[in-house]
Amino acid sequence: MTVELEPVNGTAVPDLRHELAARFTGGHANRLSGRAAELRILEQQLAAIERGPVVLVEGGMGTGKTALLRAGARAARERGFRVLQAACSSYEADFPLQLVRRLGDGVLRDAAPSGDAADGRAALREAGALLFERIRELARLRPVLLVVDDLQWCDLGSLHCLAFLVRRLTGHSVGILASRLSGSQSADPVLVDELLRAHHPCVRINLEPLGETATGILLEAALGLAAAGQRPAVTRWTGGNPFLLGEVLSVLTRHGEAGTPVTEIAPPSVHTWLRSRVPAAPRCLDVLRALAILGSQATTALIAATAGIPVLEAAQAVRTLADLGLIRPGEVPTFTQPMVRAAVLNAIPLEERARLYLSGAERLREVGTPDDKVIAYLLASHAVEYSCTTDLLLAAVRRMVEGKPVHERVVRLRHVLSHHVSAGVRAQLLPLLGEAELDLDPVAAEARLAEAHRLTSEPVARGRIAFQRATALHALDRGAEAVDLLRTAAEELARSGRNAGGLRDRMAVHLAALAADDPESASAAPPERLAEPARRIVAVLSGTVPGDTAPPLNDAWQLLRPADPLGLPVAWLALTRALISAGARTRILPYATAWAAARNQGPLREGLARAAHAEILLLLGQVEPAAAESTVALSRLSALGAPRPRGVLALALPPLIETLVERDELDAAVRVLSEAGLDGELPPRRDHAPLLVSRGKLRYAYGDAESGLADMVSAGRCEAERGGTPALVSWRAAAVPALVELGRQETARELAQAELVQARGRVHDRPALGVALRAAGQAAGGAAGVELLGESVTVLEESGAPLELARSLGELGTALCRLGRLPGARDRLRRACALAEKAGAIRLRRLLERQLRDAGGRVRGRIQGLESLTASERRIARLAAAGRTNREIAEELFVTRRAVEMHLTQIYRKLDIRGRRELNREWLGRF
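Cut-offs applied
Residues numbered from 1 in each chain as written. Predicted model: local features only at pLDDT ≥ 70, side-chain atom pairs only at ≥ 80, totals over all residues. Heavy atoms only, no water. Helix = DSSP H or I, 4+ residues; strand = E, 2+ residues; numbered from the N terminus. Contact = heavy atoms within 4.5 Å. Areas by Shrake-Rupley, 256 points an atom, 1.4 Å probe, with all protein chains shown as cover. Expected span 1.5 Å × (residues − 1). Buried < 20%, exposed > 50% of the residue type's maximum accessible area, 1.4 Å probe, protein only. Arc of directions from axis to C-beta. Core = buried A, V, L, I, M, F, W, Y, C linked by side-chain atoms within 4.5 Å. Pairing = 2+ DSSP bridges. Right-handed = clockwise from strand over helix to strand, strands pointing away. Salt bridge = Lys/Arg side-chain N within 4 Å of Asp/Glu carboxyl O. Phe/Tyr/Trp six-rings, centres within 6.5 Å; stacked < 30°, edge-to-face > 60°. Lys NZ or Arg CZ within 6 Å of the ring centre and 35° of its normal.

Colleague: Explanation requested: the overall build of the chain in the structure shown.
Modeller: Counting secondary structure elements, the chain contains 44 helices and 8 strands. Intrachain contacts of the chain at a sequence separation of at least 6 include 68% that bridge at least 24 residues. Surface summary for the chain: the accessible area is close to 39900 Å², and the carbon and sulfur share equals 51%.

Colleague: How should I be thinking about helix α19 (residues 406-417) in this particular structure?
Modeller: One full turn of an α-helix is made of 3.6 residues, so residues set three or four places apart face in the same direction. When the terminal C-alpha atoms of α19 are compared, their 16 Å separation across 12 residues agrees well with the 16 Å that a helix rising 1.5 Å per residue should span. Among the residues of α19, Val406, Arg409, Val410, Leu413, Val416 and Leu417 are the ones counted as buried. One side of α19 holds all its buried residues, which, seen down the axis, span an arc of 130 degrees. For α19, the elements touching its buried residues are α17 (371-380), α18 (390-401), α20 (423-438) and α29 (603-619).

Colleague: Whenever I open this one, the nonpolar core confuses me. Can you help?
Modeller: Counting 108 residues, the largest nonpolar core has Val509 and Leu575 as the members making the most contacts within it. No other element matches the 10 residues that helix α31 (residues 646-662) contributes to this core. Excluding residues within four positions of it along the chain, Leu575 makes contact with Ile537, Val540, Leu541, Ala550, Ala556 and Leu560. With 86 residues, the next largest nonpolar core counts Val234, Leu324, Phe335 and Ile348 among its residues.

Colleague: Got a minute to help me understand the pairing of strand β4 (residues 144-149) in this structure?
Modeller: Successive side chains on a regular strand alternate, one facing one side of the sheet and the next facing the other. The element β4 is largely enclosed, with a buried count of 6 among its 6 residues. Going residue by residue along β4, you find Val144, Leu146 and Val148 tucked away on one face and Leu145, Val147 and Asp149 tucked away on the opposite face as well. Judged from the 6 bridges that link them, strand β3 (residues 82-87) and β4 form a sheet pairing that is parallel. Paired with Ala87 across the strands is Asp149, a residue of β4. For β4 and strand β5 (residues 174-181), the ladder comprises 5 bridges, and the chain directions are parallel. Residue pairing across strands places Val144 opposite Val174, the latter belonging to β5. This β-α-β element, β4 to helix α6 (residues 156-166) to β5, shows right-handed connectivity.

Colleague: Sorry, what's going on with the pairing of strand β6 (residues 202-207) here?
Modeller: The buried fraction of β6 amounts to 5 of the 6 residues, a majority that puts the element mostly inside the structure. Judged from the 6 bridges that link them, strand β2 (residues 54-59) and β6 form a sheet pairing that is parallel. By the bridge assignment, Val54 is partnered in β6 with Cys202.

Colleague: Even after reading the chapter, I still don't get unusual backbone geometry, so can you show me in this structure?
Modeller: Working note: non-glycine residues mostly have negative phi, and peptide bonds are mostly trans. Although it is not a glycine, Leu97 sits at a positive phi angle of roughly 60 degrees. Phi at Asp664 takes a positive value of approximately 65 degrees, unusual for a residue other than glycine.

Colleague: I tried to follow the pattern of salt bridges on my own but got confused; where do I start?
Modeller: A side chain of one charge can pair with a side chain of the opposite charge when the charged atoms of the two come close. With the rule as written, the count across this model stands at 45 salt bridges. Where Glu606 meets Arg636, a salt bridge forms, and the shortest distance between an N and an O atom there is 3.1 Å. Taken together, the residues span a long stretch of sequence, with Glu606 in helix α29 and Arg636 in helix α30 (residues 623-638) at a distance of 30 residues. For Glu606, a relative accessible area of 11% puts it in the buried group. Overlapping salt bridges bring together Glu446, Arg469, Arg478 and Glu481 as one network.

Colleague: When you look at the packing of aromatic side chains in this model, what are you seeing that I'm missing?
Modeller: Think of a pair of aromatic rings as described by two things: how far the centres are apart, and how the planes are tilted against each other in angle. In this structure the tally under the stated criterion is 4 aromatic pairs. With 5.2 Å between their ring centres and 80 degrees between their planes, Trp557 and Trp572 make a pair best called edge-to-face. Within this pair, whereas Trp557 is found in helix α26 (residues 553-560), its partner Trp572 is found in helix α27 (residues 569-581), the two being separated by 15 residues in sequence. Using a relative accessible area of 1% as the deciding quantity, one classes Trp572 as buried. Note on Trp557 and Tyr591: the rings are 5.6 Å apart at their centroids and 50 degrees apart in plane angle, and the pair reads as tilted. Taken together, the residues Trp557 in helix α26 and Tyr591 in helix α28 (residues 585-597) connect sequence positions 34 residues apart. Grouping aromatic residues by their ring pairs yields a cluster made of Trp557, Trp572 and Tyr591. We note Arg168 situated over the ring of Phe164; from NZ or CZ to the ring centre the distance is 3.7 Å.

Colleague: Mind showing me how you'd approach the environment of Ala780 here?
Modeller: Positionally, Ala780 belongs in helix α37 (residues 766-780). Look at Ala780 and you get partly exposed, because its relative accessible area is 34%. If we skip the residues at most four places from it in the chain, Ala780 touches Arg749, Gly785 and Leu788.

And the structure:
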């Protein structure tokens, strides 16, 4: 009968701990920790020796089978048994009767049959009979225990003799204690099974890995109490394998360093142990190497491809290794003991290891493994330390981040760079990360790009990195550093004689945009031999020629590419403002729309794009769309890492401030400026001029004409820094109403006249001329003023600027009213009200309606009720009535919460209700 013994993790026998403390380096005593239950079974079987028991100890490699056999032999000798002990070897498995010759230390040496026997079977019967007789003789004197280690390698002849002996043990005090490696194949599996199923009881002891308790006993015995904290790490690293645990303890005690990281211990003896015990067929060692190389990606098919063997052979090897206790089978086999994997890897020469890593990665690519998994494999295997894998890794990283949103690119690239990679790989990945972070966190981007610049020597690559770093420095208001960096990079690129992808041309434009904002750098000469579009853009940005001499819009768009990582969004924004001054606002709209709609832009680039789009829409009299775009721009820029770049915010906020003023949301505009830190003193930089004008209009609208005028004058000083070139903002025209209100008529007339002279010189900018004429009329007053205001209306009628036309009509109507020409005044004011209503300019409409009432006119009732709601307003009203929050509505409609709030304000006004409480479910069926 065969009795299966379930593995038990218990404490050691009473005297074992003391023995371990004294002899833990003695070879095998340390491997008996946690084997108390197994030792008790041996004691029980030795006590019943008269029954002739057969005890088979089974387990994977290194589980302590030999140690348990030696403990059993020692216990038998202590009981007075005669112990005949021998171990089989894989190298002697083909030698006949080797086990029989070694058993008993010479007792059976003369009993071996001669080689002259004519019949092999007869010779085996004779050897078995002789073995039985000699064992029986010995058993008459005292009990006999035959101890056979590594039964799986027993030669066939000795196996026959053992089987012959086992069937004849009844009535004799002879026991057999043997060990067998799980998963191994013996010379005759059927014969081994017959041996174990003989008429005598057979106990099979299955050895499992040690647990943390037993591991802790060994650690404490070897290294003292201080090593107890390493128990979990040692258990995980060795998988509880007693042999591997012994090797770890041996290394730690030999070096006297209990604090040595366990995961660095994988001595060569472990690989030697593997080679001596892992069967050659079916190519198990090759499969172990492939599994060690592939790691978490090691499917059976990939193991076969990497090892260069058929899939079926690889699958068979996996099963064999699993039986040996070295790996856990599954869809992706894994090592049972991480220490074994480390030992296998250490035994592979570095050159071959690199080749195998590369081969494994290529196999992963061939079977369509996602790039992130290929990268994870390369990083986990430390293959990036070898130059041959660099191109593969970089290509996989570029594919992985291509087309991904900027936040995802940053997260993935940061993860890759958190691993140890070579300096060459780091130098190529840092620019990718810096490029992505530039649109998210300019502070971090500048640091990455600075490191990449130090690590890079190739001129074009250095030029690209310098280009990006200058953009980051500009966003951080460090324009002087950016200019110096670009100058040096342009000189390096010029010396190399290369202009890869028009990089030198874009550097020149970048320098011009930076110099325009930094008066100290304005005298910097642009690089020579520029392409024509770049030369003309540089001329416009540097202020040497007006915007109407700029290159065709498509050429400028292709060169500046504001939505691209290597684009120039700030330069494009500055150029478009110059082109607006030249009267090209309608032609710019498609490009502004395309930039705002471009995919995979980060917060910085998209924020600028939305701001530029809002600015064009506002100039075209589309206040509500401009307000929505401005709100999106602010939300994107708010997502930038702290501290948020004030320079970028100063570029993006003017259209948002002006749209809030037009919508009569003055408090919101003040709050936006405060949160951006732009409500105080601003340095006299050219790019601050539009913001100062917008802020001045806000303060004037609040009734603070003095502060509003101060801002507009400051804008004029910013414009003066450009060397007297045409202004990009009409600060004089904006200042005239404040001057008139403050009673400074003479100054108002001087500024208005200067604005008019400048506007008449810009023949293509009809809106600017109309605005200048209006300012002149406001400053002049009386009949002269009416004449100028009439001319302003005439100019603006065909300018495509409905809001400016509404303002001029309103001023003309008010001036006519002062002269007592009421019918004409009312006509102009009614038309101005209609234009303001259509554009969505709430504040302007209210002012015009008040003036119309003062002129004795009736204000026409605006369309109210459900029929007045737009399609967007109906969708938002329906969701709000259903109980959705503003946040839920924004997420469902892919708009900002601010846009939802603005729409709801319009809805409440049109429906003549006071707020959300009145927009209840009763409205649902009516939308």
